[in-house]
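Observations on chain architecture
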Amino acid sequence: MNTKTIVRLFLILAGLAAATALTMYLGSSRQEEIRMGQPLFQDLDVNSIATIKVETPDQTFTIIKTQGAWTVAERGGYKADFDKVARFGRKLAALTVGRAFEYDAATLARLSLKLPGTMGSPKSEKGTLFTLLDENDGEIAKILVGKDRTQQTPEGYPMPAGQFIRMGAMENVYLVDRFFEPVGQAPADWLKKAILQVPSSEVASVSCMEIRDGKQRVIYELSRATPGEAFALSDQKPVKKSEVDKLADALSALTMEDVHPVSEEEKPEGPFLDYWLFDGTRYRVTKAPAGEEGCEVRVEVSYMAPVSAEGKDADEKMVQEVEALNAQLKPWAFKLSGWRCSTLVTDVESLLDQETVQ
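These notes cover the structure that comes with them.

Reading the values: rules and limits
Residues numbered from 1 in each chain as written. Predicted model: local features only at pLDDT ≥ 70, side-chain atom pairs only at ≥ 80, totals over all residues. Heavy atoms only, no water. Helix = DSSP H or I, 4+ residues; strand = E, 2+ residues; numbered from the N terminus. Buried < 20%, exposed > 50% of the residue type's maximum accessible area, 1.4 Å probe, protein only. Contact = heavy atoms within 4.5 Å. Areas by Shrake-Rupley, 256 points an atom, 1.4 Å probe, with all protein chains shown as cover. Expected span 1.5 Å × (residues − 1). Arc of directions from axis to C-beta. Pairing = 2+ DSSP bridges. Axes fitted to C-alpha atoms, helices over the stretch in contact; angles between N-to-C directions. Disulfide = S-S within 2.5 Å. Core = buried A, V, L, I, M, F, W, Y, C linked by side-chain atoms within 4.5 Å.

**Some words on the overall build of the protein**
Per the secondary structure count, the protein includes seven helices and 21 strands. In the protein, which comprises 358 residues, the share counted as buried stands at 38%. A fraction of 62% describes how many contacts in the protein between residues 6 or more apart in sequence connect residues 24 or more apart. In the form shown here, the protein has an accessible surface area of approximately 20400 Å², with 52% of it arising from carbon and sulfur atoms.

Shown next as structure tokens:
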């Protein structure tokens, strides 16, 4: 074998060795990048998140941190559920890779991992995109969530076993170790749902009224003299205790399904209930006509100092607290569930003990 042939073979072998080394290096880097068990978002600072932008096949909405408080922009800036936002951040930071693989169009369709704005694809093939921004609108992270993965328990029941997602530049599909967020997202899901927490033990009376032809008409009046006493109607007709107790307890854990802002010019319509507390606080709940899926209410709060032997003695701290609470509640119309609506009784017949009345 002559010298030229030896040199040529040497160069070929050297080239093959270099190519193999490069392939192994890239492959090892790739394996390092998608190693099982590693955090999906390394070095993520959840405290730097100032905006969560949510894009679904149907809509886009944003959760924004303003002066330290989280709000839902598409609900007029109403308060977001801080616990939900905090859980979102914790779950995001805790996601680890269980598996990673490349994809084709069929895979994305099957796992609901097409981008929400993909034209010509059905909603079932699309995921929901979360984009996290800092206070300067700089992108911190991006995650597209698709179908969740389930597995059977020994008893044959399905249980969550992770979720398929894409992230960042969307180069791969990942199976993460836990369920993160549902594909179906709506602004109402992020709202702080609690409206009022008024214990029934503090309620002294409940009156239901309506305004017809400019005149106020009383539908019923329930009252009691002390917290432990049973409620009685002003006309002394016998009542069904279970229904009256449910009415008195309606504000103890009043929660909403959704909310929207109302202007000063939009006056509440419909019958209203006045809940008077023993301390002189009044909660006026105006109930709009109920629909198939619930009803809408407006809430106003006021205060009248109880009358003592020495006359009225207003508690200035109480006045300020009530005014602040009223300022929070008055600008909003709250959507309640059908069950919540049913506890705000505006029909006296529903409260009567019909067997005793007859």
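**Brief notes about helix 5 (residues 316-329)**
Between its first and last C-alpha, helix 5 extends 20 Å over 14 residues, near the 20 Å set by a 1.5 Å rise per residue. Three or more residues of helix 5 are buried, namely M318, V322, N326 and L329. Along the axis of helix 5, the buried residues cluster in a sector spanning 70°; they form a single face. In this structure, helix 5 carries E316, K317, Q320, E323 and A327 as exposed residues pointing more than 90 degrees from its buried face. Each element contacted by the buried residues of helix 5 is listed here: strand 10 (194-196), strand 17 (281-287), strand 18 (295-303) and strand 21 (332-336).

**Overview of unusual backbone geometry**
Phi at D43 is positive, roughly 60°, even though this residue is not glycine. Here D43 shows up in the loop between helix 1 (3-33) and strand 1 (51-55). Residues other than glycine seldom take positive phi values, yet Q67 does so here, at roughly 50°. Owing to a relative accessible area of 82%, Q67 belongs among the exposed residues under this scheme.

**Side note on the sheet that holds strand 6 (residues 128-133)**
What the nine strands build is an open sheet, ordered 4-3-2-1-6-7-8-9-5; its pairing is antiparallel. Two strands bound the open sheet, and with one partner strand each, they are strand 4 (78-79) and strand 5 (97-101). Sheet topology note: the strand 2 (residues 60-66)/strand 3 (residues 69-72) ladder contains four bridges and is antiparallel. Counted as the bridge partner of K65 is W70 from strand 3. Relative to the sheet, helix 2 (residues 82-94) contacts strand 1, strand 2, strand 3, strand 6 and strand 7 (139-152), its axis offset from that of strand 6 by approximately 95°.

**Thoughts on the state of the cysteines**
A covalent bond between the sulfur atoms of two cysteines is what we call a disulfide. For the coordinates displayed, the defined rule picks out one disulfide. One disulfide bridge connects C295 with C341, the sulfur atoms lying 2.0 Å from each other. One disulfide, between C295 and C341, carries an S-S torsion of -110° and so falls in the left-handed class. In this pair, C295 sits in strand 18 while C341 sits in helix 6 (residues 338-343), placing the two residues 46 residues apart along the sequence. Accessibility classification places C295 together with C341 in one group, the buried group.

**Observations regarding the nonpolar core**
Inside soluble globular proteins, nonpolar side chains tend to come together where they are buried. L40, I52, I143, Y220, Y275, F334 and L336 are the most contacted members of the largest nonpolar core, which has 70 residues in total. Sort the elements by how many residues they give to this core and strand 18 lands first, with four residues. Those residues in contact with F334 that sit more than four places away from it in its chain are Y78, I195, M256, D258, V259, C295, E296, V297, V299 and L329. Counting 10 residues, the second-largest nonpolar core is a separate cluster that includes F101, L108, L113 and L144.

**What about the pairing of strand 6?**
Here strand 6 lies mainly inside the structure; six of its six residues are buried. Going residue by residue along strand 6, you find T128, F130 and L132 tucked away on one face and L129, T131 and L133 tucked away on the opposite face as well. In the sheet, strand 1 pairs with strand 6 via five bridges, with the strands oriented antiparallel. Counterpart to K53 in the pairing with strand 6 is T131. Judged from the six bridges that link them, strand 6 and strand 7 form a sheet pairing that is antiparallel. Counted as the bridge partner of L132 is A141 from strand 7.

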